[in-house]
Amino acid sequence: MAHFDVVIVGSGAGGGTLAQRLAPTGKSILILERGDHLPREAENWSPRSVFVQHRYRTQEKWYDKTGKAFTPNTHYWVGGNTTFYGAALLRFRGRDFEEVQHAGGTSPAWPIDLTDLAPYYAEAETLWRVHGSRGDDPTEAGDEPPYAYAAIHHDPGVALLKTHWENQGWRPFSLPLGVNLDQAHPVTSACIKCKTCGGFPCLLKAKSDARTLAIEPLLGASNVTLLTGRKVVRLETDPSGKTVTEVVCQTEGGEERWSGDIVVLAAGAANTAVVLLGSANAAHPNGLANGSDQVGRNYMFHTLTAMVSLTEQRVDVTFPKTLAVNDFYWGDPAGGYDKPMGHIQLLEYMSGQTLEGEVSDWLPPGLVPDVMSQALAERMLSMLVISEDLPLPQNRVRLTSDGRIHLDYAYNNLEGHERLVGKLKASLDGFVDHAHPISQHHFQFDSLLPLYGTAHQAGTVRFGANPQSSVLDPWCKAHELDNLYVVDTSFFPSIAAVNPTLTTVANALRVGDHLIERLGARAPAPAAKAAGSRTHKAAEGLA
């Protein structure tokens with residue numbers, strides 16, 4: 001059994017970024033990834049292959065709270081789900097780290113605040129090539145550094161919508177996007193602003209994802225080993241239960257075991273919880289690190305509604321996902337509602353075949369004529385309303401004795417979301433001929449916005465200062481183990497109302513600096529020392 005300084009389970013935004021941070025230290029790093037390298041092939045850009053045939057989506061089955069089987073909308077490849085995401089990379093706001101009262105309950109405070117992550121957000125925005133513009137988003141604090149990359153220009157149809165909203169008193173802003181785009185030199189730009197971005201793997205590798213930015217640059221490093229086709233099923237400990245001694249994998253060739261001084265889980269909020277629950281032993285009878293009974297609980301995913309607008313005339317848009325609205329993030333500025341409502345952003349371009357695939361679970365693609373679906377796509381703009389889902393202990397991931405993954409979930413905190421959907425629909429009067437909301441929590445078009453919430457998943461292994469109510473300490477180390485960390489979205493105590501990837505990357509950088517110091521590889525950067533002041537204080541309170 002080979003031994004490494006650090007073993008990382010998962011190669012997505014959290015695991016890939018952590019490996020990238022630790023690699024320059026020379027410490028030996030093993031990355032275990034259950035998937036393989038995604039093939040670069042013409043099908044990467046085929047709407048039919050991606051959306052109708054689900055060529056790259058997992059075929060495994062999970063089960064809902066009624067016991068009904070479903071296929072989660074997730075992808076197991078090197079780089080994780082970031083290979084298929086829409087590349088929207090936004091910071092959480094300062095209040096997102098605090099306790100916030102919603103109409104449906106309380107969003108809990110984090111054990112760190114924005115000052116702890118601020119320098120890492122800035123680094124992550126540069127590392128992941130985020131294009132944006134400061135000063136336009138009304139929820140910004142005002143002290144954020146400028147983006148290293150200028151905001152992406154709006155297509156004509158999006159520019160018209162921006163003016164339409166501004167005429168209503170709204171303050172739309174450029175959606176921060178991670179792409180390798182050189183707008184001044186389009187002939188040599190890696191990104192070509194194509195119609196196959198969100199939901200597709202980028203054939204040009206111009207999308208800022210963990211595969212391209214974190215993992216592939218490490219493939220030639222002598223101290224980093226990436227092993228694919230390794231599904232981690234459990235962690236084993238010493239008799240005291242204080243130290244992880246072995247990482248156990250399933251492979252095509254049978255069982256494998258690995259060991260590391262530090263073991264880090266980054267398999268995704270659902271699968272990280274499954275690994276811990278499947279690692280029960282005499283010292284941890286309810287699952288590894290689960291003395292608090294919080295492992296698997298507090299599962300969250302954003303409440304999402306797509307607003308599909310149709311016009312008689314074709315919309316002059318190729319790359320629409322460049323505009324967002326945060327006017328209603330904390331409430332209605334017009335008065336009458338002082339609870340959080342959420343965030344609005346434009347969705348990616350949808351071709352006719354993309355639309356066919358999105359509705360394929362209830363309407364066979366063969367019944368939708370290509371001419372009809374393409375005509376709809378050419379006359380459509382789609383907007384996404386994102387609202388905060390609250391962490392409820394009964395919303396949870398469970399592992400049954402026969403190895404089945406159960407996702408018990410009930411929707412919650414819908415009042416603010418419904419109000420924002422109404423605001424958006426009303427705002428489109430006079431701009432489009434028809435607008436229709438498609439809401440996952442209404443069980444409509446559940447293939448468009450996955451009913452089972454496996455995108456933007458978070459929670460299940462949350463961090464906190466109190467071991468009785470959390471699984472991890474403020475450095476994302478398990479309270480009950482000396483060498484186990486978690487850096488995927490499962491550490492989130494709350495999910496806010498914006499995409500979680502940038503926060504995952506920033507936190508992985510923060511935890512990486514902590515591990516560098518712990519491993520004695522080098523002193524942490526000055527920014528990391530300053531950012532860690534509150535975290536150190538919280539950790540000291542546990543002693």
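Remember, it's a predicted structure, so these values are computed and weren't measured experimentally.

Caption draft 1: Looking closely at the side chain of Ser-279. Within the secondary structure, Ser-279 sits in the loop between α6 (269–277) and β15 (297–300). Within the local environment of Ser-279, its side chain forms a polar contact with the backbone nitrogen of Leu-235, the two atoms lying 2.8 Å apart. Dropping the residues within four chain positions of it, Ser-279 is found in contact with Arg-234, Leu-235 and Leu-288.

Caption draft 2: Inspection of unusual backbone geometry at higher detail. The phi dihedral of Arg-129 falls on the positive side, at around 55°, and the residue is not glycine. Inspection of the secondary structure assignment puts Arg-129 in the loop between α3 (114–127) and β7 (130–132). A relative accessible area of 13% means that Arg-129 is categorised as buried. Here Ala-496, not a glycine, exhibits a phi torsion of approximately 55°, which is positive. For Ala-496, the location among the structural elements is in the loop between β24 (484–486) and α10 (501–519).

Caption draft 3: Fine view of α6. Most of α6 is tucked away, with 9 of its 9 residues classed as buried. Every buried residue of α6 is accounted for by Ala-269, Ala-270, Asn-271, Thr-272, Ala-273, Val-274, Val-275, Leu-276 and Leu-277.

Caption draft 4: Seen up close, the pairing of strand β21 (residues 405–408). Burial along β21 is two-sided: Ile-405 and Leu-407 facing one way and His-406 and Asp-408 facing the other are all buried. When strand β3 (residues 62–64) meets β21, the two strands line up parallel, connected through 2 bridges. Its bridge partner lying in β21, Tyr-63 is registered against His-406. Sheet topology note: the strand β20 (residues 396–399)/β21 ladder contains 4 bridges and is antiparallel. Looking across to β21, one finds that Leu-399 is bridged to Ile-405.

Caption draft 5: Expanded view of the sheet that holds strand β4 (residues 69–70). The strand order β4-β3-β21-β20 describes an open sheet built from 4 strands, whose pairing is mixed. The open sheet terminates on both sides in strands that have one partner only, identified here as β4 and β20.

Caption draft 6: Here's a closer look at the packing of helix α1 (residues 13–22) against α10. Viewed as axis vectors pointing N to C, α1 and α10 meet at an angle of 35°, and their least axial separation amounts to 8 Å. Pair α1 / α10 crosses with right-handed handedness. Of the residues in α10, those in contact with Ala-13, Gly-14, Thr-17, Leu-18, Arg-21 and Leu-22 of α1 are Thr-501, Thr-504, Val-505, Ala-508, Leu-509, Val-511, Gly-512, Asp-513, Leu-515 and Ile-516. Here the contact of α1 with α10 is built from residues that sort into 9 nonpolar, 5 polar and 2 charged.

Caption draft 7: Quick peek at the packing of α3 against α10. Taken N-terminus to C-terminus, the directions of α3 and α10 make an angle of 110°; their axes are 8 Å apart at the nearest point. By the angle class used here, α3 and α10 are roughly perpendicular. Classified by chirality, the crossing of α10 by α3 is right-handed. Contacts from Asp-116, Leu-117, Tyr-120, Tyr-121, Glu-123, Ala-124 and Glu-125 of α3 reach α10 at Leu-502, Thr-503, Val-505, Ala-506, Asn-507, Leu-509, Arg-510 and Asp-513.

Caption draft 8: The environment of Cys-191, seen in detail. On the secondary structure map, Cys-191 appears in the loop between β10 (177–178) and α5 (210–215). Using a relative accessible area of 10% as the deciding quantity, one classes Cys-191 as buried. Setting aside residues no more than four positions away along its own chain, Cys-191 makes contact with Val-179, Asn-180, Leu-181 and Ala-206.

Caption draft 9: Up close: the pattern of salt bridges. Within this structure, the stated rule accounts for 25 salt bridges. Here Glu-246 and Arg-257 are joined by a salt bridge, their closest N and O atoms 2.4 Å apart. Of this pair, Glu-246 sits in strand β13 (residues 244–251) while Arg-257 sits in strand β14 (residues 254–265), and the two are 11 residues apart along the sequence. For Glu-246, a relative accessible area of 18% gives the class buried. Between Lys-339 and Asp-338 there is a salt bridge; the shortest N-O distance is 3.4 Å. For Asp-338, a relative accessible area of 63% puts it in the exposed group. Residues joined by salt bridges that share partners form a network here, namely Arg-234, Glu-236, Glu-246, Glu-255 and Arg-257.

Caption draft 10: Geometry of the packing of aromatic side chains. Taken as a whole, this structure holds 22 aromatic pairs when the rule is applied. When the centroid spacing of 5.8 Å and the interplanar angle of 80° are considered together, the rings of Phe-92 and Trp-110 count as edge-to-face. Here Phe-92 is found in the loop between β4 and β5 (100–102), whereas its partner Trp-110 is found in the loop between β6 (105–107) and α3, with 18 residues between them in sequence. Taking relative accessible area as the criterion, Phe-92 reaches 2% and is therefore assigned buried. What links up through ring pairs into an aromatic cluster is the set Phe-92, Phe-97, Trp-110, Phe-463, Phe-491 and Phe-492. The side chain of Arg-34 reaches across the aromatic face of Tyr-76, ending 3.7 Å from its centre.

Caption draft 11: Structural context of the sheet that holds β7. Ordered by their spatial adjacency, 3 strands build an open sheet running β8-β7-β10, and the pairing between neighbours is mixed. With one partner strand each, in any of the chains shown, β8 (149–150) and β10 form the two edges of the open sheet. Pairing analysis gives 2 bridges linking β7 to β10, with the strands arranged antiparallel. Bridge pairing in β10 links His-131 to Leu-177.

Caption draft 12: Layout of the pairing of β13. Burial analysis of β13 places 6 of its 8 residues in the buried class, the great majority of the element. Here 6 bridges tie strand β12 (residues 231–237) to β13, and the two strands are oriented antiparallel to one another. Paired with Val-232 across the bridge in β13 is Cys-249. Taken together, β12 and the strand that follows it, β13, pair antiparallel across an intervening segment of 6 residues, in which Gly-241 is found at a positive phi of about 80°.

Thresholds, definitions, all that
- Residues numbered from 1 in each chain as written.
- Predicted model: local features only at pLDDT ≥ 70, side-chain atom pairs only at ≥ 80, totals over all residues.
- Heavy atoms only, no water.
- Helix = DSSP H or I, 4+ residues; strand = E, 2+ residues; numbered from the N terminus.
- Polar contact = N/O pair within 3.5 Å; in protein donor to acceptor, adjacent residues only side chain to side chain.
- Contact = heavy atoms within 4.5 Å.
- Buried < 20%, exposed > 50% of the residue type's maximum accessible area, 1.4 Å probe, protein only.
- Pairing = 2+ DSSP bridges.
- Axes fitted to C-alpha atoms, helices over the stretch in contact; angles between N-to-C directions.
- Left-handed = near helix turned anticlockwise from the far one by under 90°.
- Nonpolar A, V, L, I, M, F, W, Y, C, P; charged D, E, K, R; others polar.
- Parallel < 35°, antiparallel > 145°, perpendicular 65-115°, else oblique.
- Salt bridge = Lys/Arg side-chain N within 4 Å of Asp/Glu carboxyl O.
- Phe/Tyr/Trp six-rings, centres within 6.5 Å; stacked < 30°, edge-to-face > 60°.
- Lys NZ or Arg CZ within 6 Å of the ring centre and 35° of its normal.

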